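Working through the structure, step by step
In case you want the letters, here they are:
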Amino acid sequence: TVDRQMMMETIFSKTNIVALIEGIFTSMYMGSLTILFLPYIQTEPHNISPLATGIFLALFGLTGGLIINLLLARLSDNMSKEKSENRLYLIIFSVGGGALTFVLLFFIPLPELTVEQGNDILFIFSHPIIWLMGLIYVTTSSISALYDINQPPILQEINLPEAQGQIMAINRLLESIGFGSGPLIAGILIYFTNQNYQIVALLISLFSIPGTILWIFGIHWYQEDSKKIRKILLERAQELKNENS
């Protein structure tokens, strides 16, 4: 059996604290992606229509993104078999790399379209730059997806079975707060920068820095915390073995 003190020690381990704090900042950045990207391409001078935007998101965000995410999930599992902390390196790459590619979306030279041209789907997709934007969009979405793929297994490995539900709930709560704050922050920045989406994208990307730094420190703490959990589980297994014998 595990007493309350041990429960609290494992729940408030250094790696758990890293995950909880980092989750707020990373969710702020991820929650700003759509709210920032959509008005950028739909308003002047780009004027891409909502219908064309929907087709773009379905083509590059849904179809392409799902296929790549399945491949990345398999890659993550294979890498973690060799070394479990490889998931942490993937999370660090996800947070930092996702922010970098996200910023690139706002610095490629999109065509300036009239409202009529923005409604012409064939005309829009005849521009090679639109396909380049789609490639970057798939890339940033897929890199960011590595975060959701690899964080839950990390939390499971550093928490006791009876505490995993609680820590997951706390983590999701804080991430939801961050995710909901992202669009608000993006909207405020868009207003005060007079709709300068390039500056706003750079400012939003700064939210990825705390998460990257925290997970770099968390690599060592993760090794300590996972060893502690494995030790407790081995002791439990030995107790059960002794009772059965």
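See the structure shown above.
Bear in mind the structure is a predicted one, so any value in this text is a computation, not a measurement. (Residues numbered from 1 in each chain as written. Predicted model: local features only at pLDDT ≥ 70, side-chain atom pairs only at ≥ 80, totals over all residues. Heavy atoms only, no water.)

Here's the deal with the overall build of the protein chain
- Looking only at helices and strands, the protein chain has 11 helices and 0 strands in total.
- When the helices and strands of the protein chain are placed in sequence order, the string is α-α-α-α-α-α-α-α-α-α-α.
- Looking at the protein chain as a whole, 44% of its 245 residues are labelled buried.
- The contacts in the protein chain between residues at least 6 apart in sequence include a share of 82% that link residues at least 24 apart.
- Carbon together with sulfur atoms contributes 67% to the accessible area of the protein chain, which is approximately 12,900 Å² in total.
- Here the protein chain contributes 13 positive and 19 negative side-chain charges, whose respective centroids are spaced 12 Å apart. (Helix = DSSP H or I, 4+ residues; strand = E, 2+ residues; numbered from the N terminus. Buried < 20%, exposed > 50% of the residue type's maximum accessible area, 1.4 Å probe, protein only. Contact = heavy atoms within 4.5 Å. Areas by Shrake-Rupley, 256 points an atom, 1.4 Å probe, with all protein chains shown as cover. Lys, Arg positive; Asp, Glu negative; His and termini not counted. Charge placed at Lys NZ, Arg CZ, Asp CG, Glu CD.)

Focus: helix α9 (residues 161-192)
- In this model α9 runs 47 Å from its N-terminal to its C-terminal C-alpha over 32 residues, within 8% of the 46 Å that 1.5 Å per residue would give.
- Residues Ala163, Ile167, Asn171, Glu175, Gly178, Gly182, Ala186 and Ile190 constitute the buried set of α9.
- Once α9 ends, the next one or two residues include asparagine 194, with phi positive near 60°. (Expected span 1.5 Å × (residues − 1).)

Some remarks on the packing of helix α5 (residues 86-104) against helix α8 (residues 128-157)
- Here α5 crosses α8 at 155°, and the two axes come no closer than 8 Å. Between α5 and α8, the angle is such that the two are roughly antiparallel. Two packed elements cross with a definite hand, and for α5 against α8 that hand is left-handed. Contact residues: α5 offers Arg87, Leu88, Leu90, Ile91, Phe93, Ser94, Val95, Gly97, Gly98, Thr101, Phe102 and Leu104, while α8 offers Ile136, Thr139, Thr140, Ile143, Ser144, Leu146, Tyr147, Ile149, Asn150, Gln151, Pro153 and Ile154. (Axes fitted to C-alpha atoms, helices over the stretch in contact; angles between N-to-C directions. Parallel < 35°, antiparallel > 145°, perpendicular 65-115°, else oblique. Left-handed = near helix turned anticlockwise from the far one by under 90°.)

Comments concerning the pattern of salt bridges
- Within this structure, the stated rule accounts for 4 salt bridges.
- The salt bridge partner of aspartate 77 is arginine 87, with a shortest N-O separation of 2.9 Å. A residue pair is termed long-range when its members are at least 10 positions apart, and aspartate 77 in helix α4 (residues 50-82) and arginine 87 in helix α5 qualify at 10 residues.
- A residue is classified by how much of its surface remains accessible, and arginine 87, at 9% relative accessible area, is buried. (Salt bridge = Lys/Arg side-chain N within 4 Å of Asp/Glu carboxyl O.)

Topic: the layout of surface pockets
- Size it by volume and the largest pocket reaches roughly 490 Å³.
- If you go around the largest pocket, you meet 22 residues; those closest to its centre are Met30, Leu33, Ser141, Ser144 and Asp148.
- Those elements that provide at least two residues to the lining of the largest pocket are α2 (14-31), α3 (33-42), α4, α8 and α9.
- When residues of the lining of the largest pocket are assigned to their parent elements, the largest contribution, 7 residues, is made by α8.
- Looking at the lining of the largest pocket residue by residue, the class counts come to 10 nonpolar, 9 polar and 3 charged. (1 Å grid on protein atoms, 1.4 Å probe; cavity = no way out; pocket = protein on both sides within 12 Å on 5 of 7 lines; lining within 4 Å. Points joined across faces, edges and corners; volume = space filled by probe spheres on them. Nonpolar A, V, L, I, M, F, W, Y, C, P; charged D, E, K, R; others polar.)

Side note on unusual backbone geometry
- Here the residue pair glutamate 44 and proline 45 is connected by a cis peptide bond, since its omega of 5° sits within 30 degrees of zero.
- With respect to the helices and strands, proline 45 occurs in the loop between α3 and α4.
- Positive phi is not limited to glycine here, since glutamine 195 has a value of about 60°.
- With respect to the helices and strands, the residue glutamine 195 is situated in the loop between α9 and α10 (197-205).

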